[in-house]
Amino acid sequence: MTSSTPTELRKTPLHAVHVASGARMVEFAGWNMPVEYSGITDEHMAVRTRAGLFDVSHMGEIEVAGADALSFVQWITTNDASRLSIGQAQYSALTTPEGTFVDDVLVYRLADEHYLLVVNAGNVAKAWAWIKSQAAAEGGDVALVNASARYALIAVQGPEAANIAQQLTTVDLAGIKYYWFATGEVASVRATISRTGYTGEDGFELFVPPAEASRVWRALIDAGKSVDIRPCGLGARDTLRLEACMRLSGSDMDEHTTVLEAGLGWLIGWKKDRFVGDAPLRAQKAGGPTRKLVAFEMTERAIARHGYPVMSNGAPCGVVTSGTQTPFLKKAIGFAMVPMELTGVGTRLDIDVRGRSCRAMVVAEPFYKRPR
Amino acid sequence: MFPTDLKYTKDHEWLRQDGGEVLVGITDFAQRQLGDVVFVELPEIGRTLKQGESFGTIESVKAVSELYSPVSGEIVAVNRQLDTHPEAVNKTPHETWMIRLKPSAPDESVSLLDASAYGALVQ
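The structure displayed is predicted, hence computed values, not measured ones.

### Some thoughts on the overall build of chain A
- For chain A, the helix and strand inventory stands at 8 helices and 19 strands.
- Here the C-alpha radius of gyration of chain A, 21 Å, is about what a compact globule of 372 residues would show, namely 21 Å.
- Looking at chain A as a whole, 48% of its 372 residues are labelled buried.
- Considering only contacts in chain A between residues 6 or more positions apart, those separated by 24 or more positions represent 66%.

### Quick word on the overall build of chain B
- Tallying secondary structure elements over chain B gives 4 helices and 9 strands in all.
- Taking 123 residues into account, the globule formula puts the C-alpha radius of gyration at 14 Å, and chain B, at 13 Å, falls close to it.
- By residue count, 39% of the 123 residues in chain B fall in the buried class.
- At a minimum sequence separation of 6, the contacts of chain B that also span at least 24 residues come to 64%.

### Description of the interface of chain B and chain A
- Taken residue by residue, the interface counts 10 residues in chain B and 12 residues in chain A.
- Looking at side-chain class alone, the side of chain B that touches chain A contains 4 nonpolar, 3 polar and 3 charged residues.

### Here we look at the environment of Met340(A)
All names here are of chain A.
- Counting through the fold element by element, methionine 340 comes out in the loop between strand S17 (332-339) and strand S18 (348-353).
- Spatially, the C-alpha atoms of methionine 340 and arginine 354 are 25 Å apart, while their sequence positions differ by 14 residues.
- Among all residues touching methionine 340, those that are not within four sequence positions of it are Gly288, Pro289, Thr290, Arg291 and Lys292.

### Points about the sheet that holds S18(A)
Residues and elements named next belong to chain A.
- Here we have 6 strands rolled up into a closed barrel, ordered S14-S17-S16-S15-S18-S19, and antiparallel in their pairing. On average, each strand axis in the sheet is inclined to that of its neighbour by 45°, with strand direction left out of account.
- Where strand S16 (residues 315-325) and S17 come together, 6 bridges link them in antiparallel fashion. Counterpart to valine 319 in the pairing with S17 is methionine 337.

### Description of the nonpolar core
- In terms of nonpolar packing, the biggest core is built from 131 residues, with Val107(A), Ile154(A), Val156(A) and Ala304(A) touching the most fellow members.
- Here Ile154(A) is in contact with Leu53(A), Asp55(A), Leu206(A), Val208(A), Ala213(A), Val216(A) and Trp217(A), once residues within four sequence places are set aside.

### Quick word on the domain arrangement of chain A
- The domain boundaries assigned to chain A delineate domain 1 (15-57 + 151-243), domain 2 (60-149) and domain 3 (290-363).
- A separation of 34 Å is found between the C-alpha centroids of domain 2 of chain A and domain 3 of chain A.

### What about the pairing of strand S9 (residues 152-157) of chain A?
Residues and elements named next belong to chain A.
- Counting buried residues along S9, 6 of its 6 residues qualify, which places the element largely inside the surrounding structure.
- Side chains of S9 alternate between two faces, with Ala152, Ile154 and Val156 and Leu153, Ala155 and Gln157 buried alike.
- As defined by bridge partners, strand S3 (residues 52-55) adjoins S9 across 4 bridges and the pair is classed as antiparallel. Of the residues in S9, the one forming a bridge with leucine 53 is valine 156.

### Focus on the environment of Val319(A)
Residue and element names in this part refer to chain A.
- Relative to the helices and strands, valine 319 is located in strand S16.
- Among the residues examined, valine 319 registers 18 C-beta atoms within 10 Å and is labelled partly exposed.
- Separated by 81 residues in the primary sequence, valine 319 and aspartate 238 have C-alpha atoms spaced 19 Å apart.
- With sequence-adjacent residues up to four places away left out, valine 319 is seen in contact with Gly307, Pro309, Val310, Ala336 and Met337.

### Describing the packing of helix H2 (residues 40-49) of chain A against helix H7 (residues 234-243) of chain A
All names here are of chain A.
- Packing of H2 against H7 leaves a shortest axis separation of 9 Å and a crossing angle of 55°. Judged on the interaxial angle alone, H7 and H2 are oblique. In the packing of H2 onto H7, the handedness of the crossing is right-handed. Here H2 contributes Ile40, Glu43, His44 and Val47 to the contact with H7, which in turn contributes Gly235, Ala236, Thr239 and Leu240.
- Of the residues that constitute the contact of H2 with H7, the class distribution is 4 nonpolar, 3 polar and 1 charged.

### Concerning the pairing of strand S12 (residues 203-208) of chain A
Residue and element names in this part refer to chain A.
- Counting buried residues in S12 gives 6 out of 6 residues, a clear majority hidden from the surface.
- As judged from the 6 bridges shared by S9 and S12, these two strands associate in the antiparallel manner. Pairing of leucine 153 across the sheet is with phenylalanine 207, part of S12.
- Where strand S11 (residues 189-194) meets S12, 3 bridges bridge the pair, whose relative direction is antiparallel. Looking across to S12, one finds that isoleucine 193 is bridged to leucine 206.

### Description of the sheet that holds strand S4 (residues 37-41) of chain B
Residue and element names in this part refer to chain B.
- Spatial ordering of the open sheet is given by S4-S6-S7, a layout of 3 strands whose pairing is antiparallel. Only two strands of the sheet have a single neighbouring strand rather than two, namely S4 and strand S7 (64-68). For this sheet, the mean angle separating the axes of adjacent strands, direction not counted, is 25°.
- Bridge count for S4 against strand S6 (residues 54-60) is 4 bridges, and the pairing is antiparallel. The residue of S6 that forms the bridge with phenylalanine 39 is glutamate 59.

The rules we used
Residues numbered from 1 in each chain as written. Chains lettered and ligands numbered in written order. Predicted model: local features only at pLDDT ≥ 70, side-chain atom pairs only at ≥ 80, totals over all residues. Helix = DSSP H or I, 4+ residues; strand = E, 2+ residues; numbered from the N terminus. Rg over C-alpha atoms; globule rule 2.2 N^0.38 Å. Buried ≥ 20, exposed ≤ 12 C-beta atoms within 10 Å, placed from the backbone. Contact = placed C-beta atoms within 7 Å. Nonpolar A, V, L, I, M, F, W, Y, C, P; charged D, E, K, R; others polar. Pairing = 2+ DSSP bridges. Axes fitted to C-alpha atoms, helices over the stretch in contact; angles between N-to-C directions. Core = buried A, V, L, I, M, F, W, Y, C linked by C-beta atoms within 7 Å. Domains from an automatic or database assignment. Parallel < 35°, antiparallel > 145°, perpendicular 65-115°, else oblique. Left-handed = near helix turned anticlockwise from the far one by under 90°.

Right, here's the structure in full:
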């Protein structure tokens, strides 16, 4: 329980707004970020039932442009980016030659020969170095820009998100489908409006100039007052994404986890000729992975957390990669990496919760799916 | 801010004298640090604790923390209401006790902090 904050931490353009609003600030991936405002449960419920606002400006943005931009994106990411229209985005994996994760990414097609990759805050430096080294090795007409400092990123999420954002823009938000984006003004600020998110709810992520971020934030708070919108911190972001069964890079998967082991085989464009790590992934697909990430629910009163061992015959056979008590479903849930023989839905898992063996059960994904 | 009729530990527990026995809980500062409490794991009645010994755990949505006994003694009661209403720790931290102890070394409470010393510690 320490409350000191090293001064060298990075601050988003909304840092002063968070502090002035009384958010509890913590260090996250080298950034000083809000972990909670009114409390994780309150924020989580607001997003599930009304709306919540998140500062995710710590995420990294890397732009890829040039005549060979598509073939380069096809090389460094697993999904088939040739299927993207201009104005469309896709979830993908940035892979190592072993078919494991450098990071998970969102790939946006901004223009014919111009792509934007959104990477996790903790992986910006690693992803940037990796992508640059791949561009140098591959050659071709590709220009790269680490544009992370050029964007603030604000997420408005929840069933009321579209109604709130629509008050601030003339762009027809109903015309933006899930995983598509448009450009236009929000609160008189130039924005890229993306119908994406990390909560399992409908909503938008708004890329705006850093200098205008606080204006957009305040306008969204004001527009959402009638539905009691909540500013939200990283705590609720984590419980919301877990309930929606979305993976957290660095926690659920990393450089030691293949895309298949993470249960993200649907991110792989198998019909592509080549991409980084395709040979080991094709081999693993043919032979079947020996372990896989599963969703579990505790069947006795305990909360399994990141790093707790999954036991079999008295020895660790797997590990919990994420786990919490979720505010909406009111269950203790999580992800665990386990041997294939324990991956079937209904399989009992025995998890070592600080020395006590506690029962859990493998369940179908997702834990939570929003009503449509 | 912190009630003057309580004694405090550096680990953020409080102790309230109640006749010849004492009640133990965690402070408002501790519950704020934890966030929304979802689970309090309490010990068996009859167990004997040493001063500073862990008697259970408290879990919030995002973290788990140990609970430490401010003094030595025998556990004579536990607050079973926390099984169904752990959020009481957030709502009324200084009224929500966790265990009732019969102290075996009454002198130990002298080593605890008073409200002003504890308040200064968490400033």
